[in-house]
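Fold and contact review
Chain by chain, the residues:
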Amino acid sequence: MIRVGVAIYPGFQLLTLAVVSVFEYANMSLDEPLYAHTLLSEHGGPVRSSCGVEVGTVPFGNARYDTVLVVGDTVVTESSPALLGFLRKSARRARRLGAACTGAFNLAQAGLLDGKRATTHWAHVVKMRRDHPEVLLEEDSIFVHDDGVWTSAGATACIDLGLALVEQDCGADVAKLVAKRMVVYHRRTGGQSQHSALLELRPRTDRIQKALTYAKSHLTNELSLEELAEAANLSPRQFGRVFREETGQTPAKAIERLRTETARLMIESQLLPIETVARDTGFGDPDRMRRAFLRAYGQPPQVIRRANRSEARRA
């Protein structure tokens, strides 16, 4: 039995507790339950989350756990001495530590991220860099694993972290089954960007959104201004003007972002030749895709693929 201790504190973000659902579904997917999780806090008893929901806990105590995770909150707060002490003790006794979202600040305040690669929610990157310059921050990763310490980005990324832990314990097939039962993607690779092009463009009208959705589903098309305008039921001239007003970008730039985002996901999650990825995402040839990657990520596709493989081996 793998004992998982999940440390929480008043004002924690309830969604970061979703990681325990991954272990629950893992138990359902195995012949015999493997995980037993315990919610822990300084004093035990009910602990109130930032949204008002209370959960029951037991005191930190001296029990040993194979895996110790700490949740995050909506605003970064100073960790209590008791929480810091528990995390430091756990670092000496547990096989692995993990933090969801801004929970990385708890590990950093305990000195457990010094010299280690880590990530946190994108909105708190500046604070992490300022307050904890000794952390090797990877600000645009879904989750990061370094020497037995795992950190994840935004609140829902705790599910990705949980799936990665299950994969480490039980193999990829079990993790895939858990993801399928939870109806989530298996699994967003650690190096995948926290940001989504469709989310960041967020047009105000349904017509422009319809054109972007059409483009996302037809990346192998030319996706000319005329084709996109037809999808939006606007004239090309009107479409170009409205598109820039609502997204702040030209249609051509937005389409390149959609293509690079999709191509990066394919490169990180599939063993396809670079030429195939370039063709299937509408770039046409690898050189054109390479130039787009350099503009978007500052690295060519091959470097990103190698970095992702190194991350998978460390996991």
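Quick summary incoming for the structure in this document. As the structure is a prediction and not an experimental result, all values here were calculated from the model.

1. Comments concerning the packing of aromatic side chains
Considering all chains together, one arrives at five aromatic pairs under this definition. For the ring pair Phe60 and Phe86, a centre distance of 4.4 Å and an interplane angle of 10° mean the geometry is stacked. Of this pair, Phe60 sits in the loop between β4 (54–59) and β5 (67–70) while Phe86 sits in helix α2 (residues 81–93); the two residues are 26 residues apart in sequence, bridging distant segments of the chain. For Phe60, a relative accessible area of 9% translates into the label buried.

2. Some thoughts on α2
Residues spaced three or four apart along an α-helix face the same direction, because each turn holds 3.6 residues. For α2, with 13 residues, the first-to-last C-alpha span of 18 Å sits near the 18 Å given by 1.5 Å per residue. If you check which residues of α2 are buried, you get Leu83, Leu84, Phe86, Leu87, Lys89 and Ser90. For α2, the secondary structure elements touched by its buried residues are β1 (2–7), β2 (35–41), β5, β6 (96–99) and α3 (103–109).

3. What about unusual backbone geometry?
At Cys101, a position not held by glycine, the phi torsion is positive, near 55°. With respect to the element layout, Cys101 can be found in the loop between β6 and α3. Even without being a glycine, Asp147 presents a positive backbone phi close to 55°. By the element assignment, Asp147 lies in the loop between β9 (143–146) and β10 (149–152). Assessed through its relative accessible area of 63%, Asp147 is described here as exposed.

4. A closer look at the packing of helix α8 (residues 206–217) against helix α10 (residues 236–247)
Here α8 crosses α10 at 95°, and the two axes come no closer than 10 Å. One way to sum up the angle between α8 and α10 is to call them roughly perpendicular. On α10, the residues that touch Ile208, Ala211 and Leu212 of α8 are Phe239, Val242, Phe243, Glu246 and Thr247. Of the residues assigned to the contact of α8 with α10, the class counts are six nonpolar, one polar and one charged.

5. Considering the sheet that holds strand β3 (residues 45–48)
Taking strand neighbours across the sheet as the criterion, the eight strands line up as β3-β4-β2-β1-β5-β6-β10-β9 in an open arrangement whose pairing is mixed. Single-partner strands in this sheet number two, and they are β3 and β9. Each strand axis lies, on average, 30° off the axis of its neighbour in the sheet, ignoring direction. Where β5 and β6 come together, four bridges link them in parallel fashion. Across the sheet, residue Thr67 finds its bridge partner in β6, namely Arg96. Those strands touched by helix α1 (residues 19–29) are β1, β2 and β5, and its axis lies near 160° from that of β2. The strands that α2 touches are β1, β2, β5 and β6; relative to β5, the one it contacts most, it runs at about 150°.

6. Details of helix α13 (residues 286–297)
Look at α13: 16 Å from first C-alpha to last across 12 residues, which is about the 16 Å you get at 1.5 Å a residue. By the burial criterion, the buried members of α13 are Met289, Ala292 and Phe293. The buried residues of α13 occupy an angular sector of 105° when the element is viewed end-on, so they sit on one face. The N-cap of α13, judged by a side-chain oxygen 3.0 Å from the amide nitrogen of Asp287 a few residues on, is Asp285. In the segment just after α13, Gly298 is the residue with positive phi, at about 75°.

7. Examining the packing of α1 against helix α5 (residues 157–170)
Taken N-terminus to C-terminus, the directions of α1 and α5 make an angle of 35°; their axes are 8 Å apart at the nearest point. Remark: the crossing between α1 and α5 carries right-handed chirality. Facing α1, whose interface residues are Val19, Val22, Phe23 and Ala26, α5 presents Cys158, Ile159, Gly162, Leu163, Leu165 and Val166. A class-by-class count of the residues in the contact of α1 with α5 yields nine nonpolar, one polar and no charged.

Procedures and definitions
Residues numbered from 1 in each chain as written. Predicted model: local features only at pLDDT ≥ 70, side-chain atom pairs only at ≥ 80, totals over all residues. Heavy atoms only, no water. Phe/Tyr/Trp six-rings, centres within 6.5 Å; stacked < 30°, edge-to-face > 60°. Helix = DSSP H or I, 4+ residues; strand = E, 2+ residues; numbered from the N terminus. Buried < 20%, exposed > 50% of the residue type's maximum accessible area, 1.4 Å probe, protein only. Expected span 1.5 Å × (residues − 1). Contact = heavy atoms within 4.5 Å. Axes fitted to C-alpha atoms, helices over the stretch in contact; angles between N-to-C directions. Parallel < 35°, antiparallel > 145°, perpendicular 65-115°, else oblique. Nonpolar A, V, L, I, M, F, W, Y, C, P; charged D, E, K, R; others polar. Pairing = 2+ DSSP bridges. Arc of directions from axis to C-beta. Polar contact = N/O pair within 3.5 Å; in protein donor to acceptor, adjacent residues only side chain to side chain. Left-handed = near helix turned anticlockwise from the far one by under 90°.

Keep in mind these numbers describe shape, not what the thing actually does.
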